[in-house]
Amino acid sequence: RMTAPLIHRGPDEGGIWIDPRLNIALGHRRLSILDLTMEGHQPMVSPSGRWVIVYNGEVYNFAQLRRELENRGRNQWKGHSDTEVMLVAFEEWGLLESIQKFVGMFAFALLDREERVLYLVRDRLGIKPLYYGWVRGSFLFGSELKALKAFPNFPGLIDRNALALYLRYNYIPAPFTIYQGISKLLPGTFLKVKVRDQETIEPPIPYWSAREIAEKGLLRIKPDTEKDSIEKLEKLLLDSISLRMVADVPLGAFLSGGIDSSTVVSLMQKLSSRPIKTFTIGFQEDAYNEARDARAVARHLGTEHTELYVTPEEARAVIPRLPDLYDEPFSDSSQIPTYLVSQLARQQVVVSLSGDGGDELFGGYNRYFLGRSFWKKTGWMPGPLKKTAAGIIECFSPRQWDSFFSWFDRILPGKFHPRNPGEKIYKLADILRVSSPQEMYLTLISHWKEPGLVVNDSEEPFTIPFDPYLWANQQDLSLPMMFLDLITYLPDDILTKVDRASMGVSLEARVPLLDHRIVEYSWTLPLEMKLRNGQGKWILRQILYQYVPKELIERPKMGFGIPLDKWLRGGLREWAGDLLPEKRLSQEGFFNPVPIRKMWEEHQSGERNWQNQLWDVLMFQAWLEKENI
């Protein structure tokens, strides 16, 4: 019952292992990538019978570990899967030493039958998901919440405090979930559960700490020269990508034409003797269309490129699937094109590499350089002066600012037109009112500024962006921003989005930029090797320019978006309107309808663009509707 809802994650076969003596059951669904024979079947038992594993992900350096184990006398192999190598590693080195040797993405449950202990382990960056909790006297765990929900009499009580967090971030940050009593395992940690212990959970134990990595990297006294740094990073990237190109099934890559995906595809093509398969989604709206840029990069590199131009109707048809894909409210609207490009790729390949992680590691988000520049220029200003300036901005509505900027549209090429300039100007007014760098970051990343006033009977829990320690004695504001994005936004938004969208169509997405060795090296690089001349990713660009001409790459950052603001006034208006009536919101009891209805009316009139805030509420409402069916 619990593995059946996960068939999309493992359509090839399934297995169940039960130990009545220990009163424990392990279930698995398999997407065959390495060793397509039954020798790769899970649950898998170690040679001695001590260890039993169910496992989602890939340990990419398994061949190297296998050779190392063979040199230590471990020569009895049944197949050639990474799962078997992991189990032999546990027998040889134990849990902790083994996972520190693993290079990869993984979430696994490992039973030690001798010690009567169950371990849950999640990879360092949180690429693969893992949920757990006690339910009516039974300890449950799984890759998605839908597996836990299949357990008999699952209570499914909504955590209103987690709902408040969701309205702030557009995702529910770990360790919280939408359900009371159910948690996400934090990246880089393992959980130890003693069999027979009733309803007790010890805190997760870290085996890799992003904070320690960042702090240690920043203390590096003598960094490499620029030339050495570029060469070292390229060598790390080539090794990471080559490991992730090992598969017994067809393989390709997502290509947006941006810095990250173009770098990954360039190095893949360098390592391959035949054209790499690449995939891009296009939209007819110029401001959202990356397909032309991706096509130019693909043509230059000589990849076997597939692009699909999606109509608004085809994109909107994905929306009814979103509550089931994500299992809890999740409202990064780029979830729609991510699903569509995954669907496109799955028609030809089973594994696709992506460029996720480059922004957080190498300074790709505009807030990293604009934030520090803005604070440098305005931080000295008295509060009343900044508030006056904000008030002057707000003398004109966002629509009036849009009209002003439309004058530039007539003299600038289409791809240089800023999206929603009026709303960006209003964001500037919000930032002018802040009194600290930490408050500025929170303003930049928050959708609803005071979610506790919108979610009834809620109290927003403390989360790490509110930790003042991270901002103490920072010489450059970009560093805490990049660190916070690495441990919050990256795993809980970006990687969640990619995992559910890709696995929803039985496609494995691999993220070579997030090899932990690259993450560790990135934090030893001086900031000027990332942010330079008002641009991010300086060092990645130097590598990419060796393979792709600069003119094919240099353009304003676009992001993977959809024209959601227009859709909510057009093709999605009726659907959204049915989810947001004041009477319905009041009866359901989760939201205060007043601010929501005000935003809806202002959005419909064109007075404001509240697409993000409304999408947050709509994705909860759509999820709740499915939950109550």
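Up top is the structure these notes are about.
Just so we're clear, the structure is a prediction, and the values are computed from it rather than from any experiment.

Here is what the cut-offs are and how they apply
- Residues numbered from 1 in each chain as written.
- Predicted model: local features only at pLDDT ≥ 70, side-chain atom pairs only at ≥ 80, totals over all residues.
- Heavy atoms only, no water.
- Pairing = 2+ DSSP bridges.
- Helix = DSSP H or I, 4+ residues; strand = E, 2+ residues; numbered from the N terminus.
- Axes fitted to C-alpha atoms, helices over the stretch in contact; angles between N-to-C directions.
- Contact = heavy atoms within 4.5 Å.
- Core = buried A, V, L, I, M, F, W, Y, C linked by side-chain atoms within 4.5 Å.
- Buried < 20%, exposed > 50% of the residue type's maximum accessible area, 1.4 Å probe, protein only.
- Salt bridge = Lys/Arg side-chain N within 4 Å of Asp/Glu carboxyl O.

(A) Quick peek at the sheet that holds strand 15 (residues 351-353). One open sheet holds the five strands; their spatial order is 14-13-12-15-16, and the pairing between them is parallel. Looking at strand neighbours, the two that pair on one side only are strand 14 (304-310) and strand 16 (508-510), the edges of this open sheet. Across the sheet, the mean angle from the axis of one strand to that of its neighbour is 30°, orientation sign disregarded. In the packing of helix 8 (residues 259-271) onto the sheet, the strands contacted are strand 12 (251-254), strand 13 (277-283) and strand 15, and the crossing angle to strand 12 comes to about 150°.

(B) Here's a closer look at the nonpolar core. Grouped together as the largest cluster of nonpolar side chains are 184 residues, with contacts concentrated most on Phe90, Phe108, Phe591 and Phe620. Here this core gets 11 residues from one element, more than from any other, and that element is helix 19 (residues 478-503).

(C) Structural detail: the pattern of salt bridges. Per the stated rule, a full pass over the model turns up 40 salt bridges. Across the salt bridge formed by arginine 50 and aspartate 112, the nearest N and O atoms sit 2.8 Å from each other. Within this pair, whereas arginine 50 is found in the loop between strand 3 (44-45) and strand 4 (51-59), its partner aspartate 112 is found in strand 5 (residues 104-112), the two being separated by 62 residues in sequence. Residues arginine 367 and aspartate 485 are paired through a salt bridge, measuring 2.9 Å at the closest nitrogen-oxygen approach. Residue arginine 367 is located in helix 14 (residues 366-378), and its partner aspartate 485 is located in helix 19; the two are separated by 118 residues in the primary sequence. Take arginine 367: its relative accessible area is 18%, and that puts it in the buried class. Within this structure, Arg9, Lys128, Glu144, Lys146, Asp327, Asp499 and Arg500 form a network of salt bridges that share partners.

(D) Looking closely at the environment of glycine 534. Along the chain, glycine 534 turns up in the loop between helix 20 (516-522) and helix 21 (538-544). As for glycine 534 and serine 373, which are separated by 161 residues in sequence, their C-alpha atoms are 9.2 Å apart.

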